[in-house]
Amino acid sequence: MMDYYSGSPSRHSNRRSSIHKSNYSFRRRRRQHNRIPILLLILLLVAVVGCGVFICIRQFQKMRPEKTPGSQSGVTVSGSVNGSSGSPTDPSVSDPLDPGQETSSSSTVSSTSLLEQANFIAAGYDYDKAIELLKGASDYDQHPEYLEAVTSYEQAKETLVPYDLNKITHVFFHTLIMDEDKAFDGDSRMEGYNSVMTTKDEFLKILDALYNDGYVLVRIHDIAYETTDENGNPAFTWGTIMLPEGKKPIVMSQDDVCYYPYMDGDGFASKIVVGEDGRPTCEMKMDDGSISTGSYDLIPLLNDFIDEHPDFSYKGAKAIIALTGYEGILGYRTASSYSETPDYESEKEQAARVAQCLRDDGWELASHSWGHLWMGVSDDPENPYKISDERFYTDTDKWENEVESLIGPTDIYIYPNGNDVADWHPYTEENYRYQYLASKGFRYFCNVDASKPAWIQKGPDYLRMARRNLDGYRLYEDMIQEDPAKKRLSDLFDASQIFDPSRPTPVTWNYGHTQNETPAPEPEQ
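Residues numbered from 1 in each chain as written. Predicted model: local features only at pLDDT ≥ 70, side-chain atom pairs only at ≥ 80, totals over all residues. Heavy atoms only, no water.

Give me the overall build of the protein: which residues, what numbers.
Within the protein, the secondary structure is distributed over 13 helices and 18 strands. For the protein, the residues scored as buried account for 49% of the 525 residues in total. Of the contacts formed within the protein by residues at least 6 apart in sequence, a portion of 68% connects residues at least 24 apart. Summing over all exposed atoms, the protein offers an accessible surface of approximately 26100 Å²; the carbon and sulfur share of this is 52%. (Helix = DSSP H or I, 4+ residues; strand = E, 2+ residues; numbered from the N terminus. Buried < 20%, exposed > 50% of the residue type's maximum accessible area, 1.4 Å probe, protein only. Contact = heavy atoms within 4.5 Å. Areas by Shrake-Rupley, 256 points an atom, 1.4 Å probe, with all protein chains shown as cover.)

Break down the nonpolar core for me, with residues and values.
Generally speaking, nonpolar side chains in soluble globular proteins are found buried as a group. Counting 87 residues, the largest nonpolar core has Met252, Leu302 and Leu330 as the members making the most contacts within it. Setting aside residues no more than four positions away along its own chain, Met252 makes contact with His170, Val171, Phe173, Phe203, Leu207, Leu217, Leu298, Leu302, Ala319 and Ile320. Within the second largest apolar cluster, 39 residues are counted, among which are Tyr146, Ala149, Ala156 and Ile168. (Core = buried A, V, L, I, M, F, W, Y, C linked by side-chain atoms within 4.5 Å.)

Go over the pairing of strand E9 (residues 248–254) with me, naming the residues and quoting the values.
Where burial is concerned, most of E9 is hidden: 6 out of the 7 residues are buried. Bridge analysis of strand E2 (residues 169–173) against E9 gives 5 bridges, and the strand direction is parallel. Bridge assignment links Thr169 to a residue of E9, and that residue is Ile250. (Pairing = 2+ DSSP bridges.)

Describe the packing of helix H7 (residues 200–212) against helix H9 (residues 298–308), with residues and values.
Viewed as axis vectors pointing N to C, H7 and H9 meet at an angle of 35°, and their least axial separation amounts to 11 Å. Read as a crossing pair, H7 and H9 show a hand that is right-handed. Across from Lys200, Phe203, Leu204, Leu207, Asp208 and Tyr211 in H7, the residues of H9 making contact are Leu298, Leu301, Leu302 and Phe305. (Axes fitted to C-alpha atoms, helices over the stretch in contact; angles between N-to-C directions. Left-handed = near helix turned anticlockwise from the far one by under 90°.)

Give a detailed account of the packing of aromatic side chains, specifying residues and quantitative values.
Taken as a whole and assessed by the stated rule, the structure comprises 26 aromatic pairs. Centroid distance Phe305 to Phe312: 5.3 Å. Interplanar angle 80°. Geometry classified as edge-to-face. Ring geometry for Tyr434 and Phe445: centres 5.6 Å apart, planes at 65°, overall edge-to-face. One end of the pair, Tyr434, is in helix H12 (residues 432–439); the other, Phe445, is in strand E16 (residues 444–448), and 11 residues separate them in sequence. Assessed through its relative accessible area of 0%, Phe445 is described here as buried. Within the aromatic cluster, the residues linked to one another by ring pairs are Trp399, Tyr413, Tyr415, Tyr427, Tyr434, Phe442, Phe445 and Tyr462. (Phe/Tyr/Trp six-rings, centres within 6.5 Å; stacked < 30°, edge-to-face > 60°.)

Requested: an account of the pattern of salt bridges, with residues and values cited.
According to the stated counting rule, one finds 20 salt bridges in the structure shown. Taking the shortest distance from any N to any O, the salt bridge between Asp128 and Lys157 comes out at 2.7 Å. Highlighted residues: Asp128 in helix H3 (residues 127–135) and Lys157 in helix H4 (residues 144–158), separated in sequence by 29 residues. Here Lys157 falls in the partly exposed class, since its relative accessible area comes to 36%. (Salt bridge = Lys/Arg side-chain N within 4 Å of Asp/Glu carboxyl O.)

Account for H12, with residues named and values stated.
Among the residues making up H12, those that are buried are Arg433, Tyr434, Leu437 and Ala438. One side of H12 carries all its buried residues, which in axial view fall inside an arc of 140°. Packed against the buried residues of H12 are helix H11 (389–407), strand E15 (412–414) and E16. (Arc of directions from axis to C-beta.)

Break down the environment of Met465 for me, with residues and values.
Summarising the element assignment, Met465 is placed in strand E18 (residues 463–469). Sequence spacing of Met465 and Ile220 is 245 residues, and the spatial spacing of their C-alpha atoms is 8.9 Å. Apart from residues no more than four positions distant in its own chain, Met465 is found in contact with Ile168, Thr169, His170, Ile220, Ile223, Val251, Phe445, Cys446, Asn447, Trp455 and Ile456.

Can you break down the packing of H11 against H12 residue by residue, with the values?
Closest axis-to-axis distance for the H11/H12 pair is 11 Å, and the angle between their directions is 15°. For the element pair H11 / H12, the angle class is roughly parallel. The way H11 lies across H12 gives a crossing that is right-handed. Here Asp389, Phe392, Tyr393, Thr396 and Asp397 of H11 lie close against H12, whose contacting residues are Tyr432, Arg433, Tyr436 and Leu437. Among the residues forming the contact of H11 with H12, the class breakdown is 5 nonpolar, 1 polar and 3 charged. (Parallel < 35°, antiparallel > 145°, perpendicular 65-115°, else oblique. Nonpolar A, V, L, I, M, F, W, Y, C, P; charged D, E, K, R; others polar.)

Could you give an account of helix H13 (residues 472–480), naming the residues involved and the relevant values?
Of all 9 residues in H13, 7 are buried, a share of seventy percent or more. Along H13, the positions that sit buried rather than exposed are Gly472, Tyr473, Arg474, Leu475, Tyr476, Glu477 and Asp478. In this structure, the buried residues of H13 make contact with helix H6 (190–196), H7 and E18.

Tell me about the confidence of the model for the protein, residues and numbers included.
Averaged over every residue, the pLDDT of the protein is 84; the share at 70 or more is 76%. Every residue in residues 1–31 scores below 50 in pLDDT, and together they form 7 contacts with partners more than four places removed in sequence or on other chains. Residue range residues 56–109 is modelled with pLDDT below 50. Its contacts to residues more than four positions away, or to other chains, number 77 contacts. (pLDDT = per-residue confidence, 0-100.)

Give me the lowdown on the pairing of strand E14 (residues 364–367), citing residues and values where you can.
Of the two faces of E14, both are covered, the one formed by Glu364 and Ala366 as well as the one formed by Leu365 and Ser367. Where strand E13 (residues 320–323) and E14 come together, 4 bridges link them in parallel fashion. Residue pairing for E14: Ala322 is matched across the bridge by Ala366.

Structure (structure tokens):
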């Protein structure tokens, strides 16, 4: 038998070489074939990671403010164009989210954040505070953008002019209607809501109109403030409000921020709470019984607007919040009539916390009396005041005990129904009701008079100011008034552009059933 390897050596060698080559080619093809899915997998992973990085960068860019608030007051900061501050496309300002920068990211974020804070403050015309903030930075000299910003603030400050304080108007609202279908559902309260309340849509349009016409919110304390004379007695001194040419100060207030039980289910917020960001916001009961937190009344809505338009607020000014006490305050049942309820002490604690939050956020608090009574003069010559002296004193004391004890002292008194304790003549020492209110610490007194744009009276130790109601009744009357000379709101806006078409018409004066006292008379046309 011939051996397998029998035959000539060269033939066997060639055969073995051919076999080896064939096997090598096969293995190489197999390895190449195996590499293909691996390469595809690697390419897929690279694509996924790349997309993830791109999405993260885009999300961070969206989270960053698109513009620095300082631009709205005409302040030019480092590298800015036409008053807009450093933006993501501005090379002169470090971009903390640009991965290609060599600068330390933590240092850059801190630097940009401080400049944004300063720009926001400067947008509210408080240039001195903005300059102080930047100059207080330990590395101030190392940031050319700080130096440039301070220069722009100083230049902007030089353009400010004083405003005539006697021409400042004061507008006010009640609780805003969030759901018109519920407020205007035909029940017994509908006419009152239609008359004295303002809808959310109207309020937002009013803010836009005021802002576009150059109005700027100021505090009533900016108009005049209390000092002492040479004898140590209280004395009032005119303030100074400095604004750019063409800007006009305005005071705003909101009455009855108590969310009375009768309003439940009628399309209003239910209370003020401290939001997750530490700022005041609202709760509102939804149709399914759940509680939603959000911008459901004037306070958070105005905050939202100022966040977008910081130049609408002079040095951080907000509005005055006027509180009664007979059903509690801010949506909490803090009145003594609820003292037997299990949550009474907790309600008082929460109300006090919210009140402090409001103060910290720039809001001013005021008395609107305890029981929303007619505290002032009457038209009856035999009875100079609407209510007895006893009721007047009792009501004032109850507000002090049940409301001031929770919110802290206030020097602002907003007369319920606009019913002042005197006519237009100055307060005198003989006016014992004024003297009693003054003994409780009140120095600013606000009535209601929509017949003129502004009325201010500064006495030796007080300031009086008339307010104008921006509600359904006033909007409707101004809208249908054909005589331009008789329109009451034309200096503020065109009422026909504000009036909510969801309102039932005509809008008649109806105020009594939403109050704790005799209905108010129809305002003078």
